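# Inside the fold
Listed below, chain by chain, are the residues.
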Amino acid sequence: MPSSCSIRALWILNNQDTVVFSRRFSVVERRWSVACKKANEKSTDNQDSSVLFSSLPTDLELAAAFADRKKREGSAHGYGIRVKQSIQGSDSWVDDPIMRHIVSLHVKKEEDGEDHTFWPFVLHTKGQYYILVLPFVEPVHFKAYSIICRRPDCGNAVGVDGSLSSLLLQLPCITGLIFLYRAFMVAHVLGDIITSDIPEPEVVVSAAPSVGGLLDSLTGSIGISARPKPVAAPVAASTNSSTVAGSSGSLDSPKIGPRNPEKDALRSFISTAMPFGTPLDISYSNISAIRTSGFSSADVPPVDSKQPAWKPYLFKGKQRLLFTIHEIVNATMYDRDEIPDSLSISGQVNCRAELDGLPDVLFPLKGLNSKQVEILSFHPCAQVPEQQGGDKQSVMFSPPLGNFVLLRYQAYCSLGIPIKGFYQLSMVSENEGAFLFKLSLMEGYKSPLTMEFCTVTMPFPRRKVLAFEGTPSIGTVSHTDHSVEWKIITSGRGVGAKSIEATFPGTVKFAPWKTQRPATSGSLQGIIAEEDSDTEMESANNMVNVEEYLMEKMNKDLPAVDLEEPFCWQAYNYAKVSFKMGGTSLSGMTIDSKSVNIFPSAKVPVEFSTQVHSGDYILWNTLGKVPVAATPKN
C-alpha cells in the first residue's frame, strides 16, 4: 500500500463544462492497472470484478460526465445529502455532506459503450474554473465505495462499519484525512495558478535601492508580492487523450480557458512539484524560485544544522529582517439604542527574513492583553512557550524564504472606534431621496497615527443616479450611475492624529422607476411565480440545490420589493466606509525592532511597519430596516 498521496490524473474545466487542461501520470496509472488486475484475479464474483476499470476517461468523456453530474445533483457541488430527487449510485444518495467536495463521475466509455464509475475526484472551484483531481486509492477501497453508494439505507453515522467516514479513514498515509488534504492542496494551488491569484503576504519597507539577492526575481526588491512567470520546460506535442489513456502529456485542446502563460505555469509547476504524480513540495513560491535560481555547492547547510522543509535552499545576498503588522477593521454602525454597534479586528504579522544560513530569530511580541486579543495562531516555524499572562511574549522562529505570515490574531480595538457617526436616508418621492451623514474621525487618537485616505460610498445597485445636491463640510463628492462617493480625505493628502468632524446633508435623484408588478417583501413565492416562466419553474423544481437557484435569481435584475426599499432586492440600504491608516496598530499589537535577536549573532537591519485597512465597515441607514443577530443573555 502506498504511504503517500499519488495522483492518477487531473482536469481543469471552464464554466462551459469544457476541458481546458488535463494531465495524466502514466507511472501512477500503471500501478492502478496492476492493482486492478490482481484484485480481479482474486475476486470470485464476476459482478464485483466488473466494478474496476483500468482505463482513464478521455477529456470529452469526462466533460460529458461532469455536465451530467451537475444536472443530476443540481449544481457542481450539490448538497451531498439524500433528497427526493436522489437516485441510487449518485453522490447525494451516499447522504454525506463531504460528497460536495469528494465526488464521483459516471463515465460512458466509447470503447465498450458501458457506464463506469470513477472515484474519488477532489473537486475545487476557483473563479470560472472547476479543478478535478483523481488520487490513487486501492481497489478494495473503491469497491467499498461502490457498495456504499448503492445501499438502500439512509444516513452515515461516524464509526459505523460500511460508512463513508470509516472508509476515508482507511485510505493511505497516516489517515485518509491527511491523504485527501494533499489532494485538496494540489487542487487549490492549481486554481490559484490558472487565475493568477498566487497569494503572498505584503511586507512594507522603506524606499531604498534594490538589495539584490536570490528572492528579488520572485517578489521584487521591495518585498511586495509578485507572481513570477517561470520558464516552462519544452513540452512535446499533445496527443488525443482517447488514443493513449495513460499518457503523461498535457492536453490543452480546446483552446478555451487559461491564457498560454498560465498553461506554461501549470506545466512548469506540475513537472517540478509532483513528478510522476506524487506531490512533493506544492509551495508555488519555492518551486518557482528553485526553477529560476537552481542549486549550487554553496547551498549545502551546516553539518550541525537540520534544514527545515520550508527552506529548501539558502539565501545569499544583503541581509535584512522585515516585519509588517497588517490589520483589517470590520464594523457595523446602527446608531440605535436597542442595537449596539460592533467592531472587530483581524490582524496578522507578516515577515520577510533575508538571512544567511539557518538562523533563529527571537523577539518580544507586545500587546497580548487577554482582554484585547481573542485568537492567536502561529506559523509552523515558530516556537512559542505557553503564555503565562501579561502583555508580552517571546517568540522564536526559524524563518522560511520569501514573505510569510508569522502569526494571525483576532482582537478588539484598544484605541476606540476610528470612524463613528450615523447615516440617514429617506425617500421624499418615488425618484428622490434625502440623506444626512454626521461622522467623527479619529476621535481621541494621538501621534504617530495617521489616516492616509477615507471615502464613504452610498451604493444604489437597482437605481440609476441622475444627480445629487449638497455640499459636505470637508472633502469632495462625485457619483456614478449606481453610487455616490464622498472623499473625506483623498489619497496622498493624509492627516495626522487629530479629531475631524464631517457632515454631509443632501439629496439624490434617480431615473424614473419602471412600471412593476406589485410585490411584497414577505411573498418570495409570489415574486418567483410572477417573474419566472413555466420553463424556469420546472427547472427550479428539478434542481436539488435550491440555495444556488435563489442566489442565481437574486443576481438578476429583479424589481425592488417596495417603495420603502427601492435600492436592492431583498436587501437593505447602507453606506460603506473605506480607509487606510498607518503609524501603529489599533489592537495594540507591536514589535520592538531594537529587541530582536538573531542566533548565530549577526548585525542585520530590522524594519517594522504597520498598516490598518477597512474591511466591511458599514453604516446602516438609521431610518430603514437593518439586519441584526440577537445575542444571548448571560
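Residues numbered from 1 in each chain as written. Predicted model: local features only at pLDDT ≥ 70, side-chain atom pairs only at ≥ 80, totals over all residues. Heavy atoms only, no water.

## Brief notes about the sheet that holds strand E21 (residues 500-510)
- With antiparallel pairing, four strands are arranged side by side in an open sheet as E14-E15-E21-E17. Taken across any chain shown, the strands that pair with only one partner, and hence form the sheet edges, are strand E14 (419-429) and strand E17 (465-469). Each adjacent strand pair in this sheet contributes to an overall mean axis angle of 20 degrees, direction not counted.
- Sheet analysis places E17 next to E21, joined by four bridges and oriented antiparallel. Residue pairing across strands places Glu469 opposite Thr507, the latter belonging to E21. (Pairing = 2+ DSSP bridges. Helix = DSSP H or I, 4+ residues; strand = E, 2+ residues; numbered from the N terminus. Axes fitted to C-alpha atoms, helices over the stretch in contact; angles between N-to-C directions.)

## Examining the pairing of strand E16 (residues 450-459)
- Taken together, the two bridges between E16 and strand E20 (residues 495-496) define a ladder with antiparallel strand orientation. If you follow Thr450 over to E20, its bridge partner there is Gly496.
- Both E16 and strand E22 (residues 574-582) contribute to a ladder of seven bridges, which runs antiparallel. Looking across to E22, one finds that Thr455 is bridged to Ser578.
- Examined bridge by bridge, E16 and strand E19 (residues 483-489) share six bridges and lie antiparallel to one another. Considered in E19, the bridge of Pro459 is made with Ser483.

## A closer look at the nonpolar core
- With 40 residues, the main nonpolar core has Trp119 and Val133 as its most contacted residues.
- The element contributing the most residues to this core is helix H7 (residues 176-194), with seven residues.
- Each residue touching Trp119, except ones within four places of it in the same chain, is listed here: Met99, Ile102, Val103, Ser104, Leu134, Val137, His141, Phe142, Tyr145, Leu164, Leu167 and Leu168. (Core = buried A, V, L, I, M, F, W, Y, C linked by side-chain atoms within 4.5 Å. Buried < 20%, exposed > 50% of the residue type's maximum accessible area, 1.4 Å probe, protein only. Contact = heavy atoms within 4.5 Å.)

## Brief notes about the pairing of strand E5 (residues 129-135)
- Of all seven residues in E5, seven are buried; the element is thus mostly enclosed.
- Side chains of E5 alternate between two faces, with Tyr129, Ile131, Val133 and Pro135 and Tyr130, Leu132 and Leu134 buried alike.
- As paired strands, strand E1 (residues 7-13) and E5 are joined by six bridges and run antiparallel to one another. The partner of Leu13 across the bridge, within E5, is Tyr130.

## What about the side chain of Thr455?
- With respect to the helices and strands, the residue Thr455 is situated in strand E16.
- Residues in contact with Thr455, not counting those within four places in the same chain, are Glu485, Trp486, Lys487, Lys576, Val577 and Ser578.

## Quick look at the confidence of the model for the chain
- Looking at the chain as a whole, the pLDDT averages 75, with 69% of positions reaching at least 70.
- In this model residues 173-177 is a low-confidence stretch, pLDDT under 50, and it forms ten contacts with partners more than four residues away in sequence or in other chains.
- Under a pLDDT of 50 for its full length, residues 553-570 has, in the predicted model, 50 contacts with residues more than four places off or in other chains. (pLDDT = per-residue confidence, 0-100.)

## Let's talk about the pattern of salt bridges
- Summed over all chains, the structure comprises 13 salt bridges.
- A salt bridge links Asp59 to Arg24; the shortest N-O distance between them is 3.1 Å. Of this pair, Asp59 sits in helix H3 (residues 59-73) while Arg24 sits in strand E2 (residues 19-24), and the two are 35 residues apart along the sequence. Here Asp59 and Arg24 have matching classes, each one buried.
- Connected through shared salt-bridge partners, Asp68, Arg72 and Glu73 make up one network. (Salt bridge = Lys/Arg side-chain N within 4 Å of Asp/Glu carboxyl O.)

## Section: helix H9 (residues 260-273)
- In this model H9 runs 19 Å from its N-terminal to its C-terminal C-alpha over 14 residues, within 8% of the 20 Å that 1.5 Å per residue would give.
- The complete set of buried residues in H9 reads Glu262, Lys263, Ala265, Leu266, Arg267, Ser268, Phe269, Ile270 and Ala273. (Expected span 1.5 Å × (residues − 1).)

## Details of the packing of helix H1 (residues 26-42) against helix H5 (residues 139-148)
- The interhelical angle for the contact between H1 and H5, taken along N-to-C directions, is 70 degrees, at an axis separation of 9 Å. Relative to H5, the element H1 lies roughly perpendicular. Judged by residue contacts, Trp32, Ala35, Cys36 and Ala39 of H1 engage Pro139, Phe142 and Lys143 from H5.
- In terms of residue class, the contact of H1 with H5 is built from six nonpolar, no polar and one charged. (Parallel < 35°, antiparallel > 145°, perpendicular 65-115°, else oblique. Nonpolar A, V, L, I, M, F, W, Y, C, P; charged D, E, K, R; others polar.)

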